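Given next are the chains, with one letter for each unit.
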Amino acid sequence: MSKRQFIPEVKALFGLTMPILIAQLAYTSMGFVDAIMAGHFSKHDLAAIALGNSIWVPIYLLMTGVILATTPKVANLFGARNNKEIGPLLRQSLWMAALVVVVVIALLVSAHPLLLVMGATEDTAALTMKFIYGIAGGMPAIAFYQVFRCLSDGISRPRPSMVLGVIGLILNIPVNYVLVFGKLGFPAMGGAGCGIASASVMWFMFFGFLWWVSYGPAYKECEIFKRFDMPDWKAIGDLLRVGVPIGIAVFTEASIFSIIALLIAKLGDDIIAGHMIALNFSSLVFMVPLSISIAITVRVGQAMGRKDPIAARFSAHTGILLAFLLSCVSTVLMWIFKEYVAGFYTTDKAVLILASHLIIFAAIYQLPDAIQVTCAGALRGYQDTGIIMLITLMSYWVIAMPIGYTLGLTNYWGEPSGPVGFWISLIIGLAFASVMLGARFVYQSRYQISKSVVANG
């Protein structure tokens with residue numbers, strides 16, 4: 001591909017990435033708002049939010065990962081100009097989401113024993129569960145919202161999720177403030193108020209997207225609500241075949257952070273809060289390569305729908321390069337401004353010092369993470385998701401977790417280093433994942449091109 005083709009591809013990727021990024025930042029910033037509000041209420045509430053996030057976020061990501069199968073399938077149909085087939089696909093995706101969310105809620109409301117087993121005190125566990133109960137009330141809304149979001153991304157219409165995400169964030173701030181600190185006649189709920197506020201915003205965002213999809217002209221050809229369909233188990237099974245490996249891969253990545261948080265819970269609230277700050281801000285920065293990854297999935301899926309595997313590979317190459325270069329910038333900035341970042345979250349001196357130190361490792365973590373997430377995005381566009389699951393499982397649970405546990409909590413390598421040891425192990429695991437997923441992408445892209453040559457030869 002020439003420079004003349006490179007510039008339009010960059011523009012196309014950024015055209016998709018920027019609305020997706022704004023939406024992702026808005027979603028993640030709701031967690032940032034929770035942390036800020038709870039942290040200024042008390043460090044015990046901040047610790048409870050950290051533990052709550054370690055439970056509900058991986059489960060939520062498992063759910064959205066499964067639903068994410070909708071994006072490449074919609075993109076493929078859209079690229080092939082089979083828009084009328086998108087409606088039946090989406091209706092089955094909604095049924096799939098309904099089934100998955102029942103499991104998600106059941107897991108969330110039964111999390112109390114897990115908190116106790118992992119060493120949280122009874123008071124902290126009780127406060128954490130109040131937060132989780134609130135969040136659970138919004139899970140059906142966010143599940144169906146994600147289906148509509150996958151539809152919009154797949155047809156290159158990311159604007160609705162951007163607009164609704166920003167409005168949701170704006171609403172979340174005053175609702176959080178009222179419920180956490182007890183304003184306008186409400187009792188001061190602390191961290192528990194964050195859960196109720198988030199669930200309320202989730203429902204607003206779902207109804208907003210429902211309205212947008214019902215009346216937006218871009219969705220008319222898809223005929224989403226043309227008729228009511230009963231569950232088609234073959235279609236749902238096909239969605240699950242692609243989505244379950246995505247969900248497990250995302251859950252594997254998120255759950256290791258949760259397990260780390262639970263393992264270090266016994267080290268005290270200061271340690272939990274410091275780790276949570278580094279993780280929360282790192283998650284905000286990660287939204288850039290993640291958004292590019294979603295855009296890559298759409299571009300690759302649409303190109304494969306047009307039966308143009310060369311364009312699919314070029315889109316992926318461009319996106320991977322952009323993500324890596326931007327992550328180099330974010331790594332440097334995080335390292336330079338680490339104390340300033342930590343000061344946003346807390347005024348507690350002990351927590352601030354620890355968080356500043358951990359942000360250094362979180363900054364380095366961005367580099368391999370950018371490569372692995374964009375390679376995974378390309379593979380999702382090819383609907384080659386099983387390998388993503390296997391590599392992710394190996395990277396985090398076979399490599400990172402044993403190294404992190406022995407570095408952080410045992411004397412095997414010397415003096416236990418606490419959360420620092422876990423961050424070091426995560427960097428090692430992500431480096432392995434970036435190499436392996438990169439190799440799989442190279443194989444898959446070449447295979448699709450070769451298959452196309454044979455078919456047209």
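The rules we used
Residues numbered from 1 in each chain as written. Predicted model: local features only at pLDDT ≥ 70, side-chain atom pairs only at ≥ 80, totals over all residues. Heavy atoms only, no water. Phe/Tyr/Trp six-rings, centres within 6.5 Å; stacked < 30°, edge-to-face > 60°. Helix = DSSP H or I, 4+ residues; strand = E, 2+ residues; numbered from the N terminus. Buried < 20%, exposed > 50% of the residue type's maximum accessible area, 1.4 Å probe, protein only. Salt bridge = Lys/Arg side-chain N within 4 Å of Asp/Glu carboxyl O. Axes fitted to C-alpha atoms, helices over the stretch in contact; angles between N-to-C directions. Left-handed = near helix turned anticlockwise from the far one by under 90°. Contact = heavy atoms within 4.5 Å. Nonpolar A, V, L, I, M, F, W, Y, C, P; charged D, E, K, R; others polar. Polar contact = N/O pair within 3.5 Å; in protein donor to acceptor, adjacent residues only side chain to side chain. Patch = residues over 30% accessible without salt bridge, like charges linked within 9 Å, V, L, I, M, F, W, Y side chains within 5 Å. Areas by Shrake-Rupley, 256 points an atom, 1.4 Å probe, with all protein chains shown as cover.

*Asks:* Mind showing me how you'd approach the packing of aromatic side chains here?
*Replies:* Centre distance and the angle of the planes are the two values used to describe a pair of aromatic rings. Tallied over the entire structure, the rule returns 16 aromatic pairs. Taking the centre distance of 6.1 Å and the plane angle of 45 degrees together, the rings of Trp211 and Tyr215 count as tilted. With Trp211 and Tyr215 both in helix 9 (residues 191-215) and four residues apart, the pair spans about one turn of that helix. According to the relative accessible area criterion, Tyr215 is exposed, its value standing at 63%. Ring pairing ties together the aromatic residues Tyr27, Phe144, Tyr145, Phe148, Trp203, Phe206, Phe207, Phe209 and Phe225, which thus form one cluster.

*Asks:* Even after reading the chapter, I still don't get the pattern of salt bridges, so can you show me in this structure?
*Replies:* Where charged atoms from two side chains of opposite charge come close, those side chains can pair. The final tally for this structure, using the stated rule, is 10 salt bridges. Where Asp238 meets Arg241, a salt bridge forms, and the shortest distance between an N and an O atom there is 3.3 Å. Of this pair, Asp238 and Arg241 both sit in helix 10 (residues 233-263), three residues apart, roughly one helical turn. Asp238 gets classed as partly exposed once you look at its relative accessible area, which sits at 32%. One salt-bridge network, held together by shared partners, links Lys73, Asp238 and Arg241.

*Asks:* Can you walk me through the environment of Glu9 in this structure?
*Replies:* With respect to the helices and strands, Glu9 occurs in helix 1 (residues 3-41). Classification of Glu9 by relative accessible area gives buried; the value is 7%. For Glu9 and Ser315, which are 306 residues apart along the polypeptide, the C-alpha to C-alpha distance reads 6.6 Å.

*Asks:* Teacher, can you tell me more about the packing of helix 3 (residues 70-79) against helix 7 (residues 139-154) here?
*Replies:* Helix packing for two helices is described by the angle between their axes and how far apart those axes are. It is the contact of helix 3 with helix 7, at a shortest axis distance of 8 Å, that shows an interaxial angle of 35 degrees. Crossing geometry of helix 3 relative to helix 7 is assigned as right-handed. Of the residues in helix 7, those touching helix 3 at Thr70, Thr71, Val74, Ala75 and Phe78 are Cys150, Leu151, Asp153 and Gly154. Broken down by class, the residue content of the contact of helix 3 with helix 7 amounts to five nonpolar, three polar and one charged.

*Asks:* Can you help me understand the side chain of Thr410 in this one?
*Replies:* Tracing the backbone shows Thr410 in the loop between helix 15 (386-409) and helix 16 (419-456). For Thr410, a relative accessible area of 19% gives the class buried. In terms of polar contacts, Thr410 uses its side chain to reach the backbone carbonyl oxygen of Thr406, at 2.6 Å. In terms of polar contacts, Thr410 uses its side chain to reach the backbone amide nitrogen of Tyr412, at 3.3 Å.

*Asks:* Just checking my understanding: could you explain a nonpolar patch on the surface for this structure?
*Replies:* The grouping of Val329, Val332, Leu333, Trp335, Ile336, Phe337, Tyr340 and Phe344 at the surface amounts to a nonpolar patch, some 820 Å² of accessible area in total. The set of elements that each furnish at least two residues to the nonpolar patch consists of helix 12 (309-336) and helix 13 (338-345). Sorting elements by how many residues they give to the nonpolar patch places helix 12 first, with five residues. By secondary structure assignment, the location of Val332 is in helix 12. For Val332, a relative accessible area of 47% gives the class partly exposed.

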